[in-house]
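This is what each chain is made of:
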Amino acid sequence: FSGTNAHVVLQEGSPPPPVPPIAGPYLFVVSGRDAAALTRRLDALRAWLRANPDARAADVAYTLAVRRAHFRHRRAFIADTLAGLAAALDGDVIAVDAPPALAGLARRYQDNEAVDFAFMTGQLVSLPGYPFERERFWNPEARIAAPPATGLDLAASWLTVDHVIRGRRLLP
């Protein structure tokens, strides 16, 4: 009874059924732990949009809202298409005829209020992940002290006496 498990994959799972497209406009939300992280996330999303022009806007909006963590620094965009989102990310002002409820939701999101995105539907899209900080936090001056000697005689210890293979003592 070693606790060993064995797994066999017999067949790849079938893809989920496509979600019927929902007409826009869509709410796209992006956040970061700080202003720099938010900027990096917006840049990564902009690059992803250029590389994936055939993605569905509803799926991108769903993934950003429902499948991503929401941090303190936030931006919300309302757009009809991914091209409209890309233009908004580039700083262009795009006039979108958004329902007042959707505009209010975007405003509440940017004001750091808790927003329930349960009404959104779509399929998960592989978007860029959160950009981890690359700042290092250790003291280069610190020295690690050697552990104190224990007085343990390895030659006579049970660690080596009981672990002998072909006449040679080994540590477990």
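For the structure given in this document, a descriptive report is provided here. Everything numeric in this text was worked out from a predicted model, so none of it was measured.

Under the definition given, this model contains four salt bridges. The salt bridge partner of Arg 46 is Asp 43, with a shortest N-O separation of 2.7 Å. Of this pair, Arg 46 and Asp 43 both sit in helix α1 (residues 35-51), three residues apart, which is roughly one turn of that helix. In this structure, a network of salt bridges that share partners links the residues Asp 43, Arg 46 and Asp 90.

The next thing to look at is helix α4 (residues 100-110). Within α4 the residues assigned to the buried category are Leu 102, Gly 104, Leu 105, Ala 106 and Tyr 109. On its buried side, α4 packs onto β1 (26-32) and β2 (73-79). Once α4 ends, the next one or two residues include Asn 112, with phi positive near 65°.

This brings us to the packing of aromatic side chains. The tally for this structure, following the rule as stated, stands at two aromatic pairs. Taking the centre distance of 6.3 Å and the plane angle of 65° together, the rings of Tyr 26 and Phe 28 count as edge-to-face. On the accessibility criterion, Phe 28 (0% relative accessible area) is buried. Stacked on the ring of Tyr 109, the Lys or Arg Arg 74 has its end atom at 4.4 Å from the ring centre.

About the cut-offs
Residues numbered from 1 in each chain as written. Predicted model: local features only at pLDDT ≥ 70, side-chain atom pairs only at ≥ 80, totals over all residues. Heavy atoms only, no water. Salt bridge = Lys/Arg side-chain N within 4 Å of Asp/Glu carboxyl O. Helix = DSSP H or I, 4+ residues; strand = E, 2+ residues; numbered from the N terminus. Buried < 20%, exposed > 50% of the residue type's maximum accessible area, 1.4 Å probe, protein only. Contact = heavy atoms within 4.5 Å. Phe/Tyr/Trp six-rings, centres within 6.5 Å; stacked < 30°, edge-to-face > 60°. Lys NZ or Arg CZ within 6 Å of the ring centre and 35° of its normal.

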